[in-house]
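Fold and contact review
Here are the chains, one letter per residue:
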Amino acid sequence: MFRKILIANRGEIACRVIKTARRLGVRTVAVYSDADAGAQHVAMADEAWRLGPAPVAESYLKAERIIEICRQSGAEAVHPGYGFLSENPDFVEALEAAGIAFIGPSASAIRAMGLKDAAKALMEKAGVPVVPGYHGDNQDAGFLQERADEIGYPVLIKARAGGGGKGMRRVDRREDFRAALEGAQREGAASFGDPRVLIEKYLTKPRHIEIQVFGDSQGNVVHLFERDCSLQRRHQKVIEEAPAPGMPEEMRAAMGAAAVKAAQAIGYCGAGTIEFIADVSEGLSQDRFYFMEMNTRLQVEHPVTEYITGQDLVEWQLKVANGEPLPLTQDQLAIHGWAFEARLYAEDAERGFLPATGTLTHLRLPEDMARVDSGVRQGDTITPWYDPMIAKIIVHGPDRKTALARLLAALEATEVAGSVTNAAFLAALCRHEGFAAGDVDTGLIGRDQEALTARSGTPPVVLALAALTSLGLTRPAAGQDPWERLSGWRAWSAARQFAVLDHKGTRLEVEVHSLGRSRFAAHVADSVLEIEITHVEDGTIRFDMGGHRDKARIADMGAAISVFHGGEAFEFTRADMLSGEDEGDAAGDRLIAPMPGLVKVLTATKGQAVTRGEPLLILEAMKMEHTLTAPRDGVIGDVFVSEGEQVTDGTLLLALAQESADAA
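Scoring rules and cut-offs
- Residues numbered from 1 in each chain as written.
- Predicted model: local features only at pLDDT ≥ 70, side-chain atom pairs only at ≥ 80, totals over all residues.
- Heavy atoms only, no water.
- Domains from an automatic or database assignment.
- Contact = heavy atoms within 4.5 Å.
- Buried area = accessible area lost by both parts, 1.4 Å probe.
- Salt bridge = Lys/Arg side-chain N within 4 Å of Asp/Glu carboxyl O.
- Core = buried A, V, L, I, M, F, W, Y, C linked by side-chain atoms within 4.5 Å.
- Buried < 20%, exposed > 50% of the residue type's maximum accessible area, 1.4 Å probe, protein only.
- Helix = DSSP H or I, 4+ residues; strand = E, 2+ residues; numbered from the N terminus.
- Pairing = 2+ DSSP bridges.
- Axes fitted to C-alpha atoms, helices over the stretch in contact; angles between N-to-C directions.
- Phe/Tyr/Trp six-rings, centres within 6.5 Å; stacked < 30°, edge-to-face > 60°.
- Parallel < 35°, antiparallel > 145°, perpendicular 65-115°, else oblique.
- Nonpolar A, V, L, I, M, F, W, Y, C, P; charged D, E, K, R; others polar.
- Polar contact = N/O pair within 3.5 Å; in protein donor to acceptor, adjacent residues only side chain to side chain.
- Left-handed = near helix turned anticlockwise from the far one by under 90°.

1. Section: the domain arrangement of the protein
- Under the domain assignment, the protein is made up of domain 1 (4-103), domain 2 (132-201), domain 3 (205-336), domain 4 (344-455), domain 5 (460-574) and domain 6 (590-656).
- Of note, the centres of domain 2 and domain 6, computed from C-alpha atoms alone, are 25 Å apart.
- Counting from both sides, the interface comprises eight residues of domain 2 and, opposite them, eight residues of domain 6.
- Considering only the surface of domain 2 that becomes buried against domain 6, Arg-186, Glu-187 and Ala-190 emerge as the three largest contributors, covering 67% of it.
- The tally of links between domain 2 and domain 6 comes to two salt bridges.
- Of the charged contacts, one joins Arg-169 and Glu-625 as a salt bridge, the two residues approaching to 3.4 Å between their closest N and O atoms.

Listed below in structure tokens is the structure:
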């Protein structure tokens, strides 16, 4: 086994690899950018080396710097994780030339599967079924339009060097094709340095089912069964599970055999995933699944496979890269139980899943209820430089129903303050009737997104608890003296106090009366809630309200208060009584950046007449494009940014000229 390896990655996957290496007695070398100098993976590794500034092109993509660190540190091999350099054949060849092992497949295998069009042609030749479409070299826009017309709408435009949903557009109408093509080409160029695309038939009810494969240098290849990754938004996976619900045994065998055949066709060695799309308009069938692509690396969702097979795939990677044969044969592998993985992100589901940033002032992950793979700790900052993942929450159970119940419970116990997250959205997915029944396809989230992301409002009891916390009335008793235990109490009459809080841009005032013995009356809207605080310990508040006993978790960070109740998080801030009211009246005249990003395309000019909803600017964030439109009809008064400019969340981008009072 290797004595020392370098992990050319960051975040949760770097921490994940370090854990297995430590168990095997292998020393680890971390690398970091300036933005990650205090990151968890840096603290966990045996040693760490600086790469460069925060941008990935100046840090995690600096292949020559990583090789130099290998030489200086004595690392014998490099584990690439996923993303960054994990599927870069030039990097693999540079490592080989330097006498350093790559914990992954050969450069030739990566090249064979690196371009979607070439990979599909290779798979067709190998007898693996592929989706109908155009995978050729002609990239003329008119020619591609004709091919899409021949295939028939809807079609899917895909960056041929793509992955992770980047450079991908669904087109339902002929007249929308050109704009979608241009967007896919821009994202492909920005994310992968390659604007070329392929066109495929879009299946109206598809399921994304992938097969984990593994090969060794002796020519052995096995599959470790399937994962269902159909719960997606914007072509990015949200919740994955293994095995796939409703999978017939004959189809599992057919898909497994096809995946092994695909890996054997390129002499594959290491961990890889063959991704298929299945047409489930008439249910799962072994004659209606098609090859999409191969990921020549470990997948984000690999833990669900580890759970159902009982294997450590990172350990397999290390052994195979060290020249050892696969630990098990196909006959020795079996499925045990069911597993789910949910990706907890710093993103705003209510605002179209916009990526978010912020310092994690409070972080409590359900490590006593689930396996949690994370690369952040309380106090760490989610920056705009990298993927905004906070953690992967993985559960296992003897059957699907039990495993899903465990996932929901773990999500409801998750507490994050300092950044908005998708935790409530993930919990809503777990409660979704169709998903719970195993009736899932890649369009589920899109069809039901409004219901899945809707919030029912802030419960009055949550507002009351936030008000009590703001006034210091939920602190645990300081001692046994009865006078110390009467928070908010006044002689002869009930004490009256007022809490002023800001919540979702609205200022709220709550009147609180102390009734003695940790009993309070909170005036919320038009109702009065009588609450008795029965126990306070380590942020957990137990209370009685009219004979109903309940509990909540409170994180009081000074200016900010977070209340975790009913599986949801509610954020409040103590109002600054010295500041003026927000200038909300002019909100309709302004276009403000909803997230940090790069101004990719700017079509707006001063004096231009625009109509409400007209595209004015494309903001690129996390390598995804977001189109910003005119907030109303009018004339552009000022443009405050230019193309190529990096902006922060809340930056004023442009303003419409104010309408005259006598305007028609």
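On we go from here.
2. Examining the nonpolar core
- Core analysis: the biggest nonpolar cluster contains 41 residues, and Ile-239, Phe-340, Ile-390, Leu-407, Phe-425 and Leu-429 have the highest contact counts within it.
- Secondary-structure elements contributing two or more residues to this core are strand 12 (236-242), strand 15 (338-345), strand 22 (389-397), helix 12 (400-412), helix 13 (423-431) and helix 15 (444-453).
- The biggest single contributor to this core is helix 13, with seven residues.
- Structurally, this core is a two-domain feature, drawing no fewer than three residues from each of domain 3 (205-336) and domain 4 (344-455).
- If near-sequence neighbours (up to four positions away) are discounted, Leu-429 is found in contact with Leu-231, Val-238, Ile-239, Phe-435, Leu-444, Ile-445 and Leu-452.
- Val-26, Met-44, Val-300 and Met-389 belong to the second-largest nonpolar core, a separate cluster that totals 33 residues.

3. As for the pattern of salt bridges
- Summed over the entire model, instances satisfying the criterion amount to 58 salt bridges.
- A salt bridge links Asp-176 to Arg-173; the shortest N-O distance between them is 3.0 Å.
- On the basis of relative accessibility, which here comes to 32%, the residue Asp-176 falls in the partly exposed class.
- The exposure class of Arg-173 is partly exposed, given its relative accessible area of 44%.
- Counted as one network, the salt bridges with shared partners bring together Arg-16, Arg-23, Glu-306, Asp-312, Glu-315, Lys-319, Arg-371 and Asp-373.

4. Brief notes about the sheet that holds strand 38 (residues 646-647)
- Taken together, the four strands give an open sheet; going across it, the order is 36-35-33-38, and neighbouring strands pair in antiparallel fashion. Edge positions in the sheet fall to strand 36 (624-629) and strand 38, since each has one partner strand and no second.
- Two elements, strand 35 (residues 615-621) and strand 36, share six bridges in a ladder whose sense is antiparallel. Across the sheet, the residue bridging to Pro-615 is Thr-629, located in strand 36.
- In the packing of helix 8 (residues 177-192) onto the sheet, the strands contacted are strand 33 (597-602), strand 35 and strand 36, and the crossing angle to strand 36 comes to about 135°.

5. Focus on the pairing of strand 39 (residues 652-656)
- Burial within strand 39 is extensive, with four of its five residues counted as buried.
- In this structure, strand 32 (residues 590-592) lies alongside strand 39, joined through three bridges in antiparallel fashion. Within strand 39, the residue paired with Leu-591 across the bridge is Leu-654.
- Relative to strand 39, strand 37 (residues 634-639) is paired through three bridges, and the arrangement is antiparallel. Across the sheet, residue Ile-636 finds its bridge partner in strand 39, namely Leu-656.

6. Quick look at the sheet that holds strand 37
- With respect to topology, four strands assemble into an open sheet ordered 32-39-37-34, the strand pairing being antiparallel. Looking at the sheet topology across the chains shown, the edges are occupied by strand 32 and strand 34 (609-610).

7. Considering the packing of aromatic side chains
- In this structure the tally under the stated criterion is eight aromatic pairs.
- For the ring pair Tyr-60 and Tyr-386, a centre distance of 5.7 Å and an interplane angle of 85° mean the geometry is edge-to-face. Residue Tyr-60 is located in the loop between strand 3 (47-52) and helix 3 (63-73), and its partner Tyr-386 is located in the loop between strand 21 (381-382) and strand 22; the two are separated by 326 residues in the primary sequence. Across the pair, Tyr-386 and Tyr-60 agree in class, each one buried.
- On the numbers, 4.9 Å between centres and 70° between planes, the contact of Phe-353 with Phe-425 is edge-to-face. Residue Phe-353 is found in the loop between strand 16 (347-348) and strand 17 (354-355), and its partner Phe-425 is found in helix 13; the two are separated by 72 residues along the sequence. Across this residue pair, the class does not change: Phe-353 and Phe-425 are buried.
- Aromatic ring contacts, followed pair by pair, group Tyr-60, Phe-84 and Tyr-386 into a single cluster.

8. Let's talk about the packing of helix 4 (residues 89-97) against helix 5 (residues 107-114)
- Running from N to C, helix 4 and helix 5 cross one another at 175°; their axes reach a closest spacing of 8 Å. Comparing their axes, helix 5 and helix 4 come out roughly antiparallel. Taking contact as the criterion, the partners of Pro-89, Asp-90, Val-92 and Glu-93 in helix 4 are, on helix 5, Ala-107, Ile-110 and Arg-111.
- Residue composition of the contact of helix 4 with helix 5, grouped by class: four nonpolar, no polar and three charged.

9. Focus on the side chain of His-41
- With respect to the element layout, His-41 can be found in helix 2 (residues 40-44).
- Judged by relative accessible area, His-41 falls into the buried class, the value being 1%.
- At 2.9 Å, the side chain of His-41 forms a polar contact with the backbone oxygen of Val-31.
- Once you skip the residues sitting within four places of it in the chain, His-41 turns out to touch Asn-9, Arg-10, Gly-11, Ala-14, Cys-15, Ile-18, Ala-30, Val-31, Tyr-32, Asp-36 and Tyr-60.

10. A short note on the packing of helix 3 against helix 4
- Axis separation between helix 3 and helix 4 bottoms out at 10 Å; the angle between their running directions is 30°. Taken together, the axes of helix 3 and helix 4 lie roughly parallel to each other. Pair helix 3 / helix 4 crosses with right-handed handedness. Where helix 3 abuts helix 4, its residues Ala-63, Ile-66 and Ile-67 lie against Phe-91, Ala-94 and Leu-95.

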